[in-house]
Amino acid sequence: MYARFNHAIFEMVVQAVEQIVHIERSRLTLGSRLADDLRLGWFGRIRLVLCLEEMFDAEVPDEALEQFDTVGDIVRYMSRWSP
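Here's what I pulled together on the structure shown here. (Residues numbered from 1 in each chain as written. Predicted model: local features only at pLDDT ≥ 70, side-chain atom pairs only at ≥ 80, totals over all residues. Heavy atoms only, no water.)

With 15 residues, helix α2 (residues 42-56) should reach 21 Å at 1.5 Å per residue; the first-to-last C-alpha distance of 21 Å fits that figure. Of all the residues in α2, the buried ones are Gly-44, Arg-45, Leu-48, Val-49, Cys-51, Leu-52, Glu-53 and Phe-56. For α2, the elements touching its buried residues are α1 (7-20), α3 (62-67) and α4 (71-78). (Helix = DSSP H or I, 4+ residues; strand = E, 2+ residues; numbered from the N terminus. Expected span 1.5 Å × (residues − 1). Buried < 20%, exposed > 50% of the residue type's maximum accessible area, 1.4 Å probe, protein only. Contact = heavy atoms within 4.5 Å.)

Quick look at the environment of Leu-65 now. Its place among the elements puts Leu-65 in helix α3. Linking Leu-65 and Glu-54, residues 11 residues apart in sequence, is a C-alpha distance of 15 Å. With sequence-adjacent residues up to four places away left out, Leu-65 is seen in contact with Trp-42, Arg-45, Ile-46, Val-49 and Val-60.

Topologically, Glu-53 is positioned in helix α2. There is no salt bridge for the buried Glu-53, and the closest opposite charge comes from Arg-80, which lies 12 Å off by N-O distance. Contact partners of Glu-53, with chain neighbours within four places excluded, come to Ala-58, Glu-59 and Val-60. (Lys, Arg positive; Asp, Glu negative; His and termini not counted. Salt bridge = Lys/Arg side-chain N within 4 Å of Asp/Glu carboxyl O.)

Bringing the pattern of salt bridges into the picture now. Inspection of every chain in the model, using the stated rule, returns 5 salt bridges. Asp-37 is the salt-bridge partner of Arg-33, the closest N and O atoms lying 3.8 Å from each other. Take Arg-33: its relative accessible area is 36%, and that puts it in the partly exposed class.

So, in structure tokens, the structure goes:
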């Protein structure tokens, strides 16, 4: 499912998630769901994307944001940019 998994990108995404959501790092996996597991609503997702855009020096369009269901979805998308 996550054939293009990049551990460095995963760690950066986890750092961004930790800035937005207070959750134990050990509980974050590629399969962690933004809404159900992390309780991220629309505003939280926007804050997360703003953090990711700054970390990766990239722009994430609204269409991509709407498709993010899991941490793995974000890792796969952000793998397009090298930190």
